[in-house]
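Structural overview for review
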Amino acid sequence: MELTLSQRQMDEIVHKLRVALREDMKMMLKKELPPEMVTTSEAAKMLGITPDRLRHIASHDPNRYPHTKRGDSKQAPLMWVRDALLN
């Protein structure tokens, strides 16, 4: 049994596939991009606290505000995940 589609039906299918593919690509790129990071002073301003208080929170409760060190030394600056600070 052979199925015949009109040009209009094929164009509609192609359009729907393009829209679905575009959405899938956006989601994939969003997942793969690293989160936006801010410095300790910027993060403290966003939270309305001092940078020292933010470092104190990080040392006692490291999971409260996700962060990473920007380097391997003991005194390397901390970088904070911007989206996590806004929540």
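Residues numbered from 1 in each chain as written. Predicted model: local features only at pLDDT ≥ 70, side-chain atom pairs only at ≥ 80, totals over all residues. Heavy atoms only, no water.

This brings us to the overall build of the protein. Counting secondary structure elements, the protein contains 4 helices and 3 strands. In the protein, the order of α-helices and β-strands from amino to carboxyl end is α-β-α-α-β-β-α. On C-alpha atoms alone, the protein measures out to a radius of gyration of 23 Å, which is more than a quarter above the 12 Å that the 2.2 N^0.38 rule sets for 87 residues. Expressed along its principal axes, the backbone C-alpha trace of the protein runs to roughly 75 × 30 × 20 Å. For the protein, buried positions account for 16% of its 87 residues. (Helix = DSSP H or I, 4+ residues; strand = E, 2+ residues; numbered from the N terminus. Rg over C-alpha atoms; globule rule 2.2 N^0.38 Å. Buried < 20%, exposed > 50% of the residue type's maximum accessible area, 1.4 Å probe, protein only.)

The 3 strands lie next to each other as 1-3-2, forming an open sheet whose pairing is antiparallel. Sheet topology places strand 1 (37-39) and strand 2 (67-69) at the edges, where each strand pairs with a single neighbour. The mean inter-strand angle of the sheet, taken between neighbouring strand axes irrespective of direction, is 35°. Note that strand 2 and strand 3 (residues 78-81) share 3 bridges and pair antiparallel. (Pairing = 2+ DSSP bridges. Axes fitted to C-alpha atoms, helices over the stretch in contact; angles between N-to-C directions.)

Within the largest apolar cluster, 10 residues are counted, these being Val38, Ala43, Ala44, Leu54, Ile57, Ala58, Tyr65, Leu78, Trp80 and Leu85. Among the secondary structure elements, those contributing two or more residues to this core are helix 2 (40-47), helix 3 (51-60) and strand 3. Apart from the residues within four sequence positions on either side, leucine 54 is in contact with Thr40, Ala43, Ala44, Leu47, Ile49, Tyr65 and Trp80. (Core = buried A, V, L, I, M, F, W, Y, C linked by side-chain atoms within 4.5 Å. Contact = heavy atoms within 4.5 Å.)

Below, the discussion takes up the pattern of salt bridges. Across all of its chains, the model carries 4 salt bridges by this definition. With its nearest N and O atoms 3.4 Å apart, the salt bridge here joins glutamate 12 to lysine 16. Here lysine 16 and glutamate 12 lie together in helix 1 (residues 7-32), a separation of 4 residues that amounts to about one turn. A residue is classified by how much of its surface remains accessible, and glutamate 12, at 40% relative accessible area, is partly exposed. With relative accessibility at 52%, the residue lysine 16 sits in the exposed group. The shortest N-O distance in the salt bridge between arginine 82 and glutamate 36 comes to 3.7 Å. Here arginine 82 is found in helix 4 (residues 82-86), whereas its partner glutamate 36 is found in the loop between helix 1 and strand 1, with 46 residues between them in sequence. (Salt bridge = Lys/Arg side-chain N within 4 Å of Asp/Glu carboxyl O.)

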